[in-house]
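Examination of the molecular architecture
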Amino acid sequence: MIDPLKQIRFEDMKTLATGAAILGTGGGGDPYRGRLIAELAIAEHGPIRVVQPRELADDDLVVPMWNIGAPVIGIERIEKGDEGVRALRALEEFLGQKAVALSPVEIGGSNSTMPLRVASMTGLPVVDCDGMGRAYPEVQMITPTLFGIPASPAVLTDTAGNAILLQTVDNLQMERIARAVCVQLGGRSAMAGYPMSGRQIKRAMIPGTLSLAFHLGRALEEAQTGQDDPIDAILKVTRGFRLFSGKIVDVNRRLEKGWARGYFDVENQGKTVRVDFQNEFLIARELGRGGRVLCAAPDLIMSVDSHTGEPITTEMLRYGYRVTLLGMPCDPRWRTPEGIALGGAGYFGYEEAYVPVETLVKWLIANG
Amino acid sequence: MMRIGIDVGGTNTDAVLLDGGRVVAKCKTPTTADVSTGITRALETLLKQQRPVDIRAIMIGTTHFVNAVIEQRDLAEVAAVRLCLPAGEAVPPRTDWPSGVRQLTGPHTFFAHGGREFDGRPLSPLDPQELRQIGQEIARRGLRQIAVTGIFSTLQAEDERRAGRALSEVVPGAQISLSHQIGRTGLLERENATLLNASLRPLAEQTISAFERALEQLNLKSALYLTQNDGTIMRAAFAREFPVLTFASGPTNSMRGAAYLSGLKDGIVVDIGGTTTDVGALINGFPREASVAVRVGGVRTNFRMPDVLSIGLGGGSLVTAGGAKIGPLSVGHRLTQEALSFGGPVLTASDIAIARGFANFAPQRPQLDPETVTRASEAIKKMVEEAIDRMKIARGAVPVILVGGGSVLVDDQIQGAAAVYRPAHFEAANAVGAAIAQISGEVDRVYELTSLDRTAALADAKRQAIERAVAAGAQPETVEIVDVFDVPLAYLPSQATRVHVKAVGDA
């Protein structure tokens, strides 16, 4: 068991962002700007308090927060800085209740750092949890959906001062409507939604993921400056598996309806493994041998540089890279039939039945 | 018609004289601290070999400005003006800079109204009164260098231009650097590059004036150009305003020179020097660009830099562990004092090449253990082969072009190479790359494909790129489009598409 984070200081942000990038499973966006934004807030307002889900009272109000829209807009239109706080305040006003804590919805990639600035600015603690344990491309793809917890009411804000409150009939509608509103708000918005009680947080959210990201980042940093193998260090923290190591020999990437889709092939000693992605890595299969699956979503597929352990995102994939593919078991909440339907490779159109990565790896070891 | 190409590296200044496409004279002299003395010496040597009749242009590639940033010297204080309100304040200018460079360029930051949304709508209108007040404050602080960066100025540059004009009216002797002329989408990185540019302008003014005086003294009246990151050139007057655009000209020039000398447009270039080997991929005669953010002296930028893999292998690399380990330590320019073949105490990669008969530039062939020689030769070749393999863009063997003084270290039996080319004048490929450089114009912006379709957007971008090339001095009849790509913006169900176009023409 890893030590839970108690607070996030300025100097912790880089480490946390490194771990979040690994948990982005190839997507999730670059946490660099989010890291700077949180660092600046911490420099001004002080460190962020981190609380564990079990420390919450059952009727505490917790507000999850994230950014929605195109990352390329995020890298150009730097925020005003109060978008997140205004989204939070508008939601509180509508609910007639003050938030006791905030939480991330997505630990993988850039959204991991978004609630941290708001936490620092408001003095609210952030709960050590998220709703994915990884990265996913759509708003409804979070564990609270599996527990019947609505995304509504949710608020989107922009830099100009607009705040839009949405009440939708279900979480899929929230995804569609919020994304359309976001375009009108300049293509990227801060969002507060999925308001939950402490009781709901304990049941529906994945605990310990901020700590996991931090320890993952720290393990990698320590291995890179010391003698340990960086990949072993990652595996130790994630309790993951080495799926395959080799050289990228083909990359196929295209944009479909705003999503980056495609695959890349990793080859070693006559064996080739193909990883398909839609923003995030979805399924890793051996070419030949009937296309045996090595790992599939909702389990995490991570691609890291074989020498340094640095994460290789879908944008960075290129012929010649020496990569190691890692598989990490997802949170058990994703492993129910409903969880697999919502976040499994099947949701993205793959027909293979989901088998947990540890079972697949056991088979591989037994059969070479 | 003749052209002179000069490449000023950290150790040597190389110069070549090209007649049409032919190298008719070349020389190598040590680089001097002030750069221009070394250039004068190189030109004198070159002109002694061949008195040219009609020199159309002189092209200089220099690492002088990038070194000023890395060594944190000769940087001026700069006022950063960001057109962004009501957005844009969350991460102020110079965030995440090394403290040395941050302090040298000063704490001068101003947020103003202006800038655009991704679809071209104004974020807020420009406020002339506000800009006037900012200008007065800049003048009061005695600053002359101003860097103006507007949100989505790569899409709509008008705000930056108007703000620049408004500030020049108030600030005496103001020199304005506008971000849309320097970087691409990615506000912080583009702003960083613009700030570095502004802080280097006094040094650029001084250095380029010295270049011009040097040419004058030698009675050379040809047009002077400086080479840029992307392998193209800019006029001296333009380079005074855009010194940052010279940052990566070193590796770019050698790759372009290698392409030219070998006649190949696609392949892998291996430039083996004294301490390091640079390996890069050529696509259509130009270096492939890096896809990730590049830090210059610790400052994050998003220049179009060539994607170069540097490994610790060169003619001066130390050979240890009985030949199993090569480098990364090197005797560098002390080769002729320290290498075994020159009577020195150290076994270097050059000694291995000499022992195998690949090279004969030393007074003696050293007596070496044959096993060590074999092992070291294999280790050297393996390093080169691995680097080539990492830089390839697709499966299969590729043409490999070997350049640089250290290219004698390897033979032609390179795994993964479809053929190995060692073009004539390989040791001066960098200067040749400078001499053949063309003038470019570039467009990188977002189009909203509602009022116009993709074809019209591409046509518009091409027209602008050609206009920019001609404005930069290209002869209009020689301009052609060399690079086009368009990608829809991810995570958005809108019709926004980012278009990049580049045009080049002869000087």
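Please read all numbers here as calculations on a predicted model, not as lab measurements. (Residues numbered from 1 in each chain as written. Chains lettered and ligands numbered in written order. Predicted model: local features only at pLDDT ≥ 70, side-chain atom pairs only at ≥ 80, totals over all residues. Heavy atoms only, no water.)

With respect to unusual backbone geometry
Most peptide bonds take the trans form, and the phi angle of most residues other than glycine is negative. With omega at -15°, the peptide bond leading from Ser152(A) into Pro153(A) counts as cis. Here Pro153(A) shows up in the loop between α6 (143–146) and β7 (154–157). For Gln72(B), which is not a glycine, the phi torsion comes out positive at approximately 55°. Counting through the fold element by element, Gln72(B) comes out in the loop between α2 (64–70) and β5 (78–85). Positive phi values are uncommon outside glycine, yet Arg94(B) reaches one of about 70°. (Helix = DSSP H or I, 4+ residues; strand = E, 2+ residues; numbered from the N terminus.)

A short note on the sheet that holds strand β7 (residues 145–150) of chain B
Whether parallel or antiparallel, the strands of a sheet pair through hydrogen bonds between backbone atoms. Residues and elements named next belong to chain B. Pairing is parallel in the open sheet, where 4 strands are placed in the order β6-β5-β7-β8. Edge positions in the sheet fall to β6 (109–113) and β8 (175–178), since each has one partner strand and no second. Averaged over all pairs of adjacent strands, the angle between strand axes in this sheet comes to 25°, irrespective of strand direction. Sitting on the sheet, helix α4 (residues 128–140) is in contact with β5, β6 and β7, with an inclination near 165° to β6. (Pairing = 2+ DSSP bridges. Axes fitted to C-alpha atoms, helices over the stretch in contact; angles between N-to-C directions. Contact = heavy atoms within 4.5 Å.)

Considerations on the domain arrangement of chain A
All names here are of chain A. Taken domain by domain, chain A holds domain 1 (7–209) and domain 2 (239–367). When each unit is reduced to the centre of its C-alpha atoms, the spacing between domain 1 and domain 2 is 27 Å. Taken together, the contact pairs 31 residues of domain 1 with 24 residues of domain 2. Between domain 1 and domain 2, the buried area comes to about 2100 Å², and carbon and sulfur atoms account for 66% of it. Counting the contacts that link domain 1 with domain 2 gives 0 salt bridges. At the surface where domain 1 touches domain 2, the tally comes to 12 residue pairs in polar contact (both at pLDDT 80 or more). Elements supplying a minimum of two residues to the side of domain 1 that touches domain 2: α1 (13–23), α6, α7 (171–184), α8 (198–204) and β11 (206–207). Looking at the side of domain 1 that touches domain 2, its residues break down into 16 nonpolar, 10 polar and 5 charged. (Domains from an automatic or database assignment. Buried area = accessible area lost by both parts, 1.4 Å probe. Salt bridge = Lys/Arg side-chain N within 4 Å of Asp/Glu carboxyl O. Polar contact = N/O pair within 3.5 Å; in protein donor to acceptor, adjacent residues only side chain to side chain. Nonpolar A, V, L, I, M, F, W, Y, C, P; charged D, E, K, R; others polar.)

Digging into the packing of aromatic side chains
Enumeration over the complete set of coordinates arrives at 7 aromatic pairs over all chains. Summarising the aromatic geometry, the rings of Phe238(B) and Phe242(B) are spaced 4.5 Å apart at their centres and angled 35° between planes, so their arrangement reads as tilted. A relative accessible area of 34% means that Phe238(B) is categorised as partly exposed. Ring geometry for Phe342(B) versus Phe361(B): centroids 6.3 Å apart, planes at 20°, classification stacked. Pair noted here: Phe342(B) is in the loop between α9 (335–338) and α10 (349–355) and Phe361(B) is in the loop between α10 and α11 (370–391), with a separation of 19 residues, a long-range link. Given a relative accessible area of 21%, Phe342(B) falls into the partly exposed group. Within the aromatic cluster, the residues linked to one another by ring pairs are Phe264(A), Phe277(A) and Phe281(A). The ring of Tyr136(A) carries Arg134(A) above its face, with NZ or CZ at 4.3 Å from the centroid. Over the face of the ring belonging to Trp363(A) we find Arg292(A), whose NZ or CZ atom lies 3.3 Å from the ring centre. (Phe/Tyr/Trp six-rings, centres within 6.5 Å; stacked < 30°, edge-to-face > 60°. Buried < 20%, exposed > 50% of the residue type's maximum accessible area, 1.4 Å probe, protein only. Lys NZ or Arg CZ within 6 Å of the ring centre and 35° of its normal.)

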